[in-house]
Structure formats: C-alpha cells, structure tokens
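If you want the building blocks of each chain, they are given just below.
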Amino acid sequence: MLKEFQEFISRGTVVDLAVGVIVGAAFNSLVSAITTYLLNPLIGLIIGQIDLSDLKFQVLGATFLIGDLINAIINFLIIMFVVFLIVKMMNRMRRDGSRSKFDQNGDEIPDPQTEYLQQIRDLLRYQQRNDHNRRY
C-alpha cells in the first residue's frame, strides 16, 4: 500500500495540483492584502468612509456587513481577472504552437495528421464516385 501511495504521489498531475493549490493560496493572500490595504482606503476616500469593513447597516436588529461583502467581491473579481489572463495566454501559446511549421527554404512542412486526413477524404470521394458510376 505504501508503494501504491508513493506512485500516486509521484505522478505529475498530483504534484501539479499540489503546486497549483499552494500558489493559489499564496495568491489569495496577496489579493486580500491588496484589497484590504490599498483598494479599500481608495474606495473609502471616495465614499467618505476610511474602512470599508466597518460599512454595515441594521434592519430589525440584524446586522448586514456590506463592507466584508464588498471586500469579497473585489477579491473575487481580481482573482477571476488574473485567471482569465492566464487562460487567455495559455490558449494563445497553444494556438501559436499548433501553427504551420516551415523548413529552411520557407516552404510549409505539412502536418502528418492533416496529410492522413486529406488522403482519407480523397479516398472516400473516389469510392463515392465509383459507387455512383456503377449504379447508373
């Protein structure tokens, strides 16, 4: 059982996931600090209240902490924007990596997969024409 656990842990996906969780937690702390110590004072200056976490209202004895909700929304938006930028960058890198390759003469090097698919397409067209000619 210990050997199986060691094999499980040593897989790349598990290690990548662990690194992602650790980096995500550190990034969350950074975003929370930016929101609390930089953005909140700026927003507080605009609305006339220095600390947003103290922003609250009461209805029939129930207290609603609007400031904490605003902090959570700001944190969420910052994190989602950074995730969006990362995904966009990864998609661009993936798309750039799949573009056609060129040899030293500048001629396009055909993708083997594309060549095979074109050959299959041509073969199917040929068979279809022959089947059509036999019927008539």
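Structure first, text after, so check above.
Just so you know, these numbers come straight off a predicted model, no measurement behind them. (Residues numbered from 1 in each chain as written. Predicted model: local features only at pLDDT ≥ 70, side-chain atom pairs only at ≥ 80, totals over all residues. Heavy atoms only, no water.)

**Quick word on the overall build of the protein chain**
Right, on to step 1. The number of helices and strands found in the protein chain is 4 helices and 4 strands.
Right, on to step 2. Each helix and strand of the protein chain, ordered N terminal to C terminal, gives the series α-α-β-β-α-β-β-α.
Right, on to step 3. Partitioning the contacts of the protein chain with sequence separation of at least 6, the portion at a separation of at least 24 is 31%.
Right, on to step 4. When the accessible surface of the protein chain is totalled, it reaches about 11,900 Å², and 64% of it is carbon and sulfur. (Helix = DSSP H or I, 4+ residues; strand = E, 2+ residues; numbered from the N terminus. Contact = heavy atoms within 4.5 Å. Areas by Shrake-Rupley, 256 points an atom, 1.4 Å probe, with all protein chains shown as cover.)

**Concerning unusual backbone geometry**
Right, on to step 1. The backbone phi angle of Leu60 is positive, close to 50 degrees, even though this residue is not glycine.
Right, on to step 2. With respect to the helices and strands, Leu60 occurs in the loop between β1 (57-59) and β2 (62-64).

**Topic: the packing of aromatic side chains**
Right, on to step 1. Per the counting criterion, the structure on display carries 2 aromatic pairs.
Right, on to step 2. Residues Phe57 and Phe64 carry aromatic rings whose centres are separated by 5.0 Å and whose planes lie at 20 degrees to one another, so their mutual orientation is stacked. (Phe/Tyr/Trp six-rings, centres within 6.5 Å; stacked < 30°, edge-to-face > 60°.)

**Structural notes on the side chain of Asn75**
Right, on to step 1. Checked against the element boundaries, Asn75 lands in helix α3 (residues 66-97).
Right, on to step 2. At 3.4 Å, the side chain of Asn75 forms a polar contact with the side chain of Ser32.
Right, on to step 3. Once residues within four sequence positions are removed from consideration, Asn75 is found in contact with Val31, Ser32 and Thr35. (Polar contact = N/O pair within 3.5 Å; in protein donor to acceptor, adjacent residues only side chain to side chain.)

**Brief notes about a nonpolar patch on the surface**
Right, on to step 1. A cluster of nonpolar side chains, namely Leu69, Ile73, Phe76, Leu77, Met80, Val83 and Val87, defines an oily patch on the protein surface of about 630 Å² accessible area.
Right, on to step 2. By the element assignment, Leu77 lies in helix α3. (Patch = residues over 30% accessible without salt bridge, like charges linked within 9 Å, V, L, I, M, F, W, Y side chains within 5 Å. Salt bridge = Lys/Arg side-chain N within 4 Å of Asp/Glu carboxyl O.)

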